[in-house]
Amino acid sequence: MAAAALLALLAGPLLLLLLLFGGARRLRRARSRPGGSRALPRGVRALVVTAHPDDESLFFAPALLGLRRAGAAPAVLCCSAGNYYNQGEIRKKELEQSCCVLGIPASHVTVIDHRDLPDNPAVEWDTHLLATLVLKHIEAKNINLVVTFDAGGVSGHTNHISLYSAVRVLCARAGVSESLEEVHFLPGCAHFLPPARGCPVHPLRGGD
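Residues numbered from 1 in each chain as written. Predicted model: local features only at pLDDT ≥ 70, side-chain atom pairs only at ≥ 80, totals over all residues. Heavy atoms only, no water.

Student: With reference to specific residues and values, describe the state of the cysteines.
Tutor: With the rule as written, the count across this model stands at 0 disulfides. Its sulfur unpaired, cysteine 99 is 8.6 Å from the next cysteine sulfur, which belongs to cysteine 78. By relative accessible area, which is 0% here, cysteine 99 ends up buried. Between cysteine 100, a free cysteine, and cysteine 99, which holds the nearest cysteine sulfur, the sulfur-to-sulfur gap is 8.9 Å. (Disulfide = S-S within 2.5 Å. Buried < 20%, exposed > 50% of the residue type's maximum accessible area, 1.4 Å probe, protein only.)

Student: Would you mind going over helix 3 (residues 61-69) in detail, with residue names and values included?
Tutor: In terms of residue burial, helix 3 counts as a mostly covered element, since 7 of its 9 residues are buried. Within helix 3 the residues assigned to the buried category are Ala61, Pro62, Ala63, Leu64, Leu65, Gly66 and Leu67. (Helix = DSSP H or I, 4+ residues; strand = E, 2+ residues; numbered from the N terminus.)

Student: Hey, could you go over the confidence of the model for the protein chain for me, with residue numbers and the actual values?
Tutor: For the protein chain, the average pLDDT comes to 76, and 64% of its residues sit at 70 or higher. Low pLDDT (under 50) marks residues 6-24, which in the prediction has 11 contacts with non-local residues, meaning those over four places away or in another chain. In the predicted structure, residues 193-208 sits below a pLDDT of 50 and forms 56 contacts with residues beyond four places in sequence or in another chain. (pLDDT = per-residue confidence, 0-100. Contact = heavy atoms within 4.5 Å.)

Student: Tell me about the pattern of salt bridges, and name the residues and values.
Tutor: Taken as a whole, this structure holds 3 salt bridges when the rule is applied. Notably, a salt bridge pairs aspartate 54 with arginine 91, separated by 3.0 Å at the nearest N-O pair. One end of the pair, aspartate 54, is in the loop between strand 1 (46-50) and helix 2 (55-58); the other, arginine 91, is in helix 4 (residues 88-101), and 37 residues separate them in sequence. By relative accessible area, which is 30% here, aspartate 54 ends up partly exposed. A relative accessible area of 16% means that arginine 91 is categorised as buried. Among the ionic contacts, a cluster of salt bridges with common partners joins Asp54, Arg91 and Asp119. (Salt bridge = Lys/Arg side-chain N within 4 Å of Asp/Glu carboxyl O.)

Student: Describe the side chain of asparagine 159, naming the residues involved and giving the relevant values.
Tutor: Looking at the secondary structure, you find asparagine 159 in helix 7 (residues 158-173). When its relative accessible area of 0% is taken as the criterion, asparagine 159 is described as buried. Non-local contacts of asparagine 159, meaning those with residues more than four positions away in its chain, are made with Ala51, His52, Pro118, Asp119, Asn120, Pro121, Val123 and Trp125.

Student: Any chance you could break down the pairing of strand 1 for me, citing the residues and the numbers?
Tutor: Of all 5 residues in strand 1, 5 are buried, a share of seventy percent or more. Residues Ala46, Val48 and Thr50 point to one face of strand 1 and Leu47 and Val49 to the other, with burial holding for every one of them. Direction of pairing for strand 1 relative to strand 4 (residues 145-149): parallel, over a ladder of 3 bridges. Paired with valine 48 across the two strands is valine 147, which belongs to strand 4. Summarising the sheet, strand 1 and strand 2 (residues 75-78) pair through 4 bridges and their orientation is parallel. Bridge pairing in strand 2 links leucine 47 to alanine 75. (Pairing = 2+ DSSP bridges.)

Student: How would you sum up the environment of alanine 70? Please name residues and give values.
Tutor: Here alanine 70 shows up in the loop between helix 3 and strand 2. On the accessibility criterion, alanine 70 (10% relative accessible area) is buried.

Student: Can you lay out the packing of aromatic side chains for me, pointing to particular residues and giving the numbers?
Tutor: Taken as a whole, this structure holds 3 aromatic pairs when the rule is applied. When the centroid spacing of 5.6 Å and the interplanar angle of 70 degrees are considered together, the rings of phenylalanine 59 and phenylalanine 149 count as edge-to-face. In this pair, phenylalanine 59 sits in the loop between helix 2 and helix 3 while phenylalanine 149 sits in strand 4, placing the two residues 90 residues apart along the sequence. Overall, the relative accessible area of 22% leaves phenylalanine 59 in the partly exposed class. What makes phenylalanine 149 buried here is its relative accessible area of 0%. Here phenylalanine 60 and phenylalanine 149 contribute two aromatic rings whose centre-to-centre distance is 4.9 Å and whose plane-to-plane angle is 70 degrees, an arrangement assigned as edge-to-face. Taken together, the positions of phenylalanine 60 in the loop between helix 2 and helix 3 and phenylalanine 149 in strand 4 put the pair 89 residues apart, joining distant regions of the chain. Like phenylalanine 60, the residue phenylalanine 149 is buried in the burial classification. (Phe/Tyr/Trp six-rings, centres within 6.5 Å; stacked < 30°, edge-to-face > 60°.)

Okay, structure coming up:
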C-alpha cells in the first residue's frame, strides 16, 4: 500500500519531466535545421491561452520553452479552474507549480473561473463570451502574440476547440486573415498575431 501511494505521488512530476525532456529534444532538432531557431523581434509579449490546468504541460510545454528560448517572456491564461471532479483549487495550485517548472512566474499565470465556462467536455463554451474575456486580458497585458489550440483541439475536447473559435473571432474583429496569421508551432497549437497590435513574428518550429 505504501509503495502504491509513493508511485501515485511521483507519477505527476515524472510525467512532467518526460514531457519537458521530449520538448527539449524537439527544440534541439529544430535548432539543427536551417532556419530552425529564430529569435523573436523585440517587444513581443506572448500569451498562451489554455482551457484547463495541465494543458500547459500536456500540450504547450515545448511551445512555452520555445518562446522563452526565442526571447519572449510568455504568460499563461487558463480559461477554467478544471473543476470537473471538484478539484479546482488543487488544480490551480498545480498549474502554478507546473508553470514555475517551465520558468513562468505565478505573476504571469491567470485563471478565469467563470460559471459559464465549466470544465466539461459536453459543454461548448460561448465563443463571444470567451473572446471578450480573452480580449480583456490581451488589452490589460498589452499582448501582441497569442498561442492556443488548433481547430481540432489536439484531443478533440470541446473546450479546447472553443478556444480556437474564440481567438478566430478576435482575429476577425481585428480584420486579420487566418490564412496569413495562423502558424503552427507544433501539431495541435497555433499562434495568431493581429498586425495592428505589433511587429511581424517569424514562425517558431518546435517540432515536426
